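An overview of the molecular structure
Each chain, written out:
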Amino acid sequence: MGIVIAAVILYSPGLLCLRITDYSIFRAGMSVIAALALISLFFAANIHFLKEPKKKPIEIDKITDLDKAKSILKSYGDSRFFGNFSRTASGQLDRILKCRNRLSGILEQKFTEGSMSWDKFNSVALAAESSAIRNVVAMANRMQLFDEAEYAKLQHYREDDIPDDIQEEQIRLYQKNFDAVKSTIALNEKILLKLDALSMELATSQTGNNEELNSDLLGEIEKLIDETKYYQ
């Protein structure tokens, strides 16, 4: 539209009205130069817009909360191979936020804010949220490495002239990446399960009771959080 508007302004009677037949050599020359510039701009702009955007790894430091993590997942919602995973992981983030808020409310009732017990439980809840965010970033970076068009083509690898053993190795690499995404979702689900168990246990017990069970749950959550580093 910008190019069309520029062309109208440059060549329309009543406006600049540039013509190659103009008696002025300068205006005649400008009509040619302007036409070449508009044509070049047309091709350059279309090449830019049609070219596949360059994918860059997502940096965990720039994803600081659950909303930003969800925005990453949303971009893969229409993916043929990762659409379901994206929606599932987005739902997990919503559940982690609810669970964390629920746990925060329980801690306010059971402990004094800033006390050692409050700090112990609250720090684990915050660490679980951070772990979920890191898992989402790891998933997104793996999804970026997954060339869906190439993977779909490999499903018919026996029908082309490329050696089958090479393409079978390529399929294994894609499958390894695919399995890692599924494992990350499973890890988030385990974290959610343990957070829910901790919330229920705290909500139904008296302060100071079942300390051993609570400590075991905290230890299990921390262990799951530590596993996140294997998916980076």
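Notes on the structure in this doc start here.

What counts as what
- Each chain has its residues counted from 1, following the order in which its sequence is written.
- Thresholds applied to this predicted model are a pLDDT of at least 70 for local features of residues and 80 or more for the giving and counting of side-chain atom pairs; totals over whole chains, interfaces and linings are not thresholded and use all residues.
- Side-chain measures were taken over the full set of non-hydrogen atoms in the model, leaving aside hydrogen atoms and water.
- Side-chain rings of Phe, Tyr and Trp (the six-membered ring for Trp) are treated as a pair once their centres are within 6.5 Å; stacked means planes under 30 degrees apart, edge-to-face means over 60, and tilted covers the remaining angles.
- We count a stretch as a helix when DSSP gives it H or I for four or more residues in a row; a strand needs E for two or more, and each element gets its number in order from the N terminus.
- Classification of residues uses two cut-offs on accessible area relative to the type maximum, computed with a 1.4 Å probe and protein chains only: under 20% is buried, over 50% is exposed, and between them is partly exposed.
- The term salt bridge refers to a pairing of a side-chain nitrogen on Lys or Arg with a carboxyl oxygen on Asp or Glu at a separation within 4 Å.
- Throughout, an axis means a line fitted to C-alpha atoms (over the contacting stretch in the case of helices), and angles, computed between N-to-C directions, take values from 0 to 180 degrees.
- Angle categories are assigned with fixed cut-offs, so that under 35 degrees is roughly parallel, over 145 is roughly antiparallel, 65 to 115 is roughly perpendicular, and the rest are oblique.
- Any two residues whose heavy atoms approach within 4.5 Å are treated as being in contact.
- Gly is placed with the polar residues, together with every amino acid not listed as nonpolar (Ala, Val, Leu, Ile, Met, Phe, Trp, Tyr, Cys and Pro) or charged (Asp, Glu, Lys and Arg).
- Crossing handedness follows the turn of the near helix against the far one: under a right angle anticlockwise gives a left-handed crossing, and clockwise gives a right-handed one.

**What to know about the packing of aromatic side chains**
A full pass over the atoms with the stated rule returns six aromatic pairs. When the centroid spacing of 5.4 Å and the interplanar angle of 55° are considered together, the rings of Phe85 and Phe178 count as tilted. Placement of Phe85 in helix H4 (residues 83-110) and of Phe178 in helix H7 (residues 164-204) is noted, with a sequence separation of 93 residues between them. Each member of the pair Phe85 and Phe178 is classed as buried. Look at Phe111 and Phe121: their rings are 5.5 Å apart centre to centre, the planes differ by 15°, and that puts the pair in the stacked class. Linking Phe111 in the loop between H4 and helix H5 (116-145) with Phe121 in helix H5, this pair joins segments that are ten residues apart in sequence. Of the two residues, Phe111 and Phe121, both sit in the buried class.

**A few points about the pattern of salt bridges**
On inspection of all chains with the given rule, the structure shows ten salt bridges. Linking Arg95 and Glu189 is a salt bridge whose minimum nitrogen-to-oxygen distance equals 2.7 Å. Of this pair, Arg95 sits in helix H4 while Glu189 sits in helix H7, and the two are 94 residues apart along the sequence. As a salt-bridge pair, Lys182 and Asp179 come within 3.8 Å of each other at their nearest N and O atoms.

**With respect to the packing of H4 against H5**
As a packed pair, H4 and H5 sit with axes 10 Å apart at the nearest point and diverge in direction by 170°. By the criterion of interaxial angle, the relationship of H4 to H5 is roughly antiparallel. Counted together, Phe85, Ala89, Leu93, Ile96, Arg100, Leu103, Ser104 and Leu107 of H4 and Trp118, Phe121, Asn122, Ala125, Leu126, Glu129, Ala132, Val136 and Met139 of H5 form the full contact between these two elements. By residue class, the composition of the contact of H4 with H5 is 13 nonpolar, two polar and two charged.

**Side note on the environment of Arg134**
Structurally, Arg134 is set in helix H5. Taking the relative accessible area as the measure of exposure, Arg134 reaches 27% and is therefore partly exposed. Along the sequence, Arg134 and Ala69 sit 65 residues apart, while their C-alpha atoms lie 8.7 Å from each other.

**Regarding the packing of H4 against H7**
Between H4 and H7, whose axes approach to 9 Å, the crossing angle comes to 20°. Taken together, the axes of H4 and H7 are roughly parallel relative to one another. Read as a crossing pair, H4 and H7 show a hand that is left-handed. A per-class count over the contact of H4 with H7 returns 14 nonpolar, four polar and six charged.

On their own, these measurements won't tell you what the molecule is for.
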